[in-house]
Amino acid sequence: MTKDVILFDLDGTLTDPAPGITNSLMYALRFFGIEIEDRTSLYKYIGPPLLETFAQGFNFNAEQSAQALKKYREYFSTTGLFENKVYSGIPELLQTLKDTGKKLLVATSKPEEYSVRILQHFNLDRFFENICGSCMDESRSKKAEVIQYALEKAAITDKSKVLMAGDRKHDIIGAKENGIASCGVLYGYGSRQELEKAGADFIAADIKELEKIILTR
C-alpha cells in the first residue's frame, strides 16, 4: 500500500538538536549539583519525554523532575532552541515528497510551541500541513498520544496509507500503538538494534534511503 501521509519526528530526524538539548540538560542538572563531563553521555536522552528522562535517567522524584524541567526550559526557550541544525538533504527530501503529492505532518514529543518556532526558524514549516507536539504541561508527551493527535487533526482515517519516520524506539512503538507503519532512521540517535527490537517495518541508513522507502513502498 502506497504511503501518502508521512509523519516525521523532529529531533534526530529533521534536525540535529544535540547542542541545544545537551546544553539545556547540563544547565538543569547543574542546579541539582550534577556536573556532566561528557555531553555525549546525554545523547540517549534526545527524543524521549523530558520528565521520563529526569525520572528514569537521574532517579528524580516527581517534584525534582518538575523543577528540572523548569530549569531546562529556562535555557532552552531562549538559547537552546536554536542550537540546532537541519540535517543535510532534509529540505530537498521534503520538497520531493511535496512535489509527489505526499501529505506531510510533524509528530514530536517536543512541546508544539517550541517545534513550530524551530521549524519556522529553519523555514521548514512550509512543507507541513500540521506541526503536532506535546503540551507545555507535558501532557500528550508520549509519542503514541502525539501520533493519535496528529492523525485526528489531519482527519486521517485510512491508516494503511500512513508512515511514521523517526530515529528512536518511541517513534516505532508509538506508530505500532496507532496501527500505522514505521521507518526507523539511522542518522539520528537510535541504533539499528534499538529500532529493530521496537519492531520498525523499515530501516533507512540515510536520507536517500528514507526517500526511496517512502516513494516505493
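You'll find the structure just up there.
Every chain's residues receive numbers from 1 upward, in the order its sequence appears when written. Given that this is a predicted model, residues contribute local features only at a pLDDT of at least 70 and side-chain atom pairs are listed and counted only at 80 or more, while totals for whole chains, interfaces and linings are drawn from all residues. Where side-chain values are given, they derive from all heavy atoms of the structure, hydrogens and water being excluded.

Student: Please explain the pattern of salt bridges as it appears in this structure.
Tutor: A side chain of one charge can pair with a side chain of the opposite charge when the charged atoms of the two come close. For salt bridges, the criterion is a side-chain nitrogen of Lys or Arg within 4 Å of an Asp or Glu carboxyl oxygen. Following the criterion strictly, the structure yields 11 salt bridges and no others. Between Glu-35 and Arg-30 there is a salt bridge, and its shortest N-O distance comes to 3.5 Å. In this structure, Arg-192 engages Glu-196 in a salt bridge whose closest nitrogen and oxygen atoms are separated by 3.6 Å. In this pair, Arg-192 and Glu-196 both sit in helix α8 (residues 192-198), 4 residues apart, roughly one turn of the helix. You can call Arg-192 partly exposed: its relative accessible area is 41%. Strands here are runs of E lasting at least two residues and helices are runs of H or I lasting at least four, both read from the DSSP assignment and numbered beginning at the N terminus. Three exposure classes are used, based on accessible area relative to the maximum for each residue type with a 1.4 Å probe and protein chains only: buried under 20%, partly exposed in between, and exposed over 50%.

Student: Help me out: how do you make sense of empty space enclosed by the protein in this one?
Tutor: Left-over empty space is what a probe sized like a water molecule reveals as it rolls over the atoms. Here a cavity means grid points, on a 1 Å grid over the protein atoms only, where a 1.4 Å probe fits yet cannot get out; a pocket means an open set of points with protein on both sides within 12 Å along at least five of seven lines; lining residues are those with an atom within 4 Å of a point. Grid points are joined across faces, edges and corners, and a volume is the space filled by probe spheres set on the points. Taken as a whole, this structure holds 2 cavities of 30 Å³ or more when the rule is applied. If you trace the largest cavity, you find 18 residues lining it, with Asp-11, Gly-47, Pro-48, Leu-50 and Lys-110 closest to the centre. Listed by contribution, the elements that provide at least two residues to the lining of the largest cavity are α3 (62-76) and β4 (103-111). Top element by residues in the lining of the largest cavity is β4. It accounts for 4 residues. Residue composition of the lining of the largest cavity, by class: 9 nonpolar, 3 polar and 6 charged. Of the pockets and cavities examined, the second largest cavity occupies roughly 40 Å³. When residues are grouped by polarity, Ala, Val, Leu, Ile, Met, Phe, Trp, Tyr, Cys and Pro land in nonpolar, Asp, Glu, Lys and Arg in charged, and all others, Gly among them, in polar.

Student: I'm lost on helix α1 (residues 18-31) in this one. Help?
Tutor: The periodicity of an α-helix, 3.6 residues per turn, causes residues three or four places apart in sequence to face the same way. Here a helix's expected span is defined as the number of its residues, less one, multiplied by 1.5 Å. The terminal C-alpha atoms of α1, which comprises 14 residues, lie 20 Å apart, in line with the 20 Å expected from a rise of 1.5 Å per residue. Along α1, the positions that sit buried rather than exposed are Ala-18, Gly-20, Ile-21, Thr-22, Asn-23, Ser-24, Leu-25, Met-26, Ala-28 and Leu-29. Whether two residues are in contact is decided by their heavy atoms, any of which lying within 4.5 Å being enough. If you follow the buried residues of α1, they end up packed against β2 (15-16), α2 (50-58), α3 and β4. At the C-terminal side of α1, Gly-33 shows a positive phi close to 80 degrees.

Student: Looking at this structure, how should I read the pairing of strand β6 (residues 162-166)?
Tutor: Within β6, 5 of the 5 residues are buried, leaving the element largely enclosed by the surrounding structure. A two-sided burial pattern is seen for β6, the buried positions comprising Val-162, Met-164 and Gly-166 on one face and Leu-163 and Ala-165 on the other. Alignment of strand β1 (residues 5-8) against β6, held across 4 bridges, turns out to be parallel. Bridge pairing in β6 links Val-5 to Val-162. Note on pairing: two strands pair once DSSP finds at least 2 bridges between them. Across 4 bridges, β6 lies against strand β7 (residues 181-185) in parallel orientation. Among the inter-strand pairings, Leu-163 is bridged to a residue of β7, identified as Ala-181. A clockwise course of the path from the first strand over the helix to the second, judged with the strands pointing away from the viewer, identifies a crossover as right-handed. For the crossover from β6 across helix α7 (residues 169-177) to β7, the handedness is right-handed.

Student: Would you mind going over the side chain of Glu-194 with me for this structure?
Tutor: As for its placement among the helices and strands, Glu-194 is situated in helix α8. With a relative accessible area of 18%, Glu-194 lands in the buried category. Non-local contacts of Glu-194, meaning those with residues more than four positions away in its chain, are made with Arg-168 and Lys-169.

Student: Before we go on, may I ask you to explain the packing of aromatic side chains in this structure?
Tutor: When we look at a pair of aromatic rings, we describe it by the centre distance and by the angle of the planes. By convention, a stacked pair of Phe, Tyr or Trp rings (six-membered ring in the case of Trp) has centres within 6.5 Å and planes under 30 degrees apart, an edge-to-face pair has planes over 60 apart, and any other such pair is tilted. For the structure on display, the rule yields 11 aromatic pairs. Geometrically, the ring pair formed by Tyr-27 and Tyr-75 is tilted, given 5.8 Å between the ring centres and 40 degrees between the ring planes. Taken as a pair, Tyr-27 in helix α1 and Tyr-75 in helix α3 lie far apart in primary sequence, 48 residues in all. On the accessibility criterion, Tyr-27 (29% relative accessible area) is partly exposed. Look at Tyr-43 and Tyr-189: their rings are 5.3 Å apart centre to centre, the planes differ by 75 degrees, and that puts the pair in the edge-to-face class. With a gap of 146 residues between them, Tyr-43 in the loop between α1 and α2 and Tyr-189 in the loop between β7 and α8 connect regions that are remote in the sequence.

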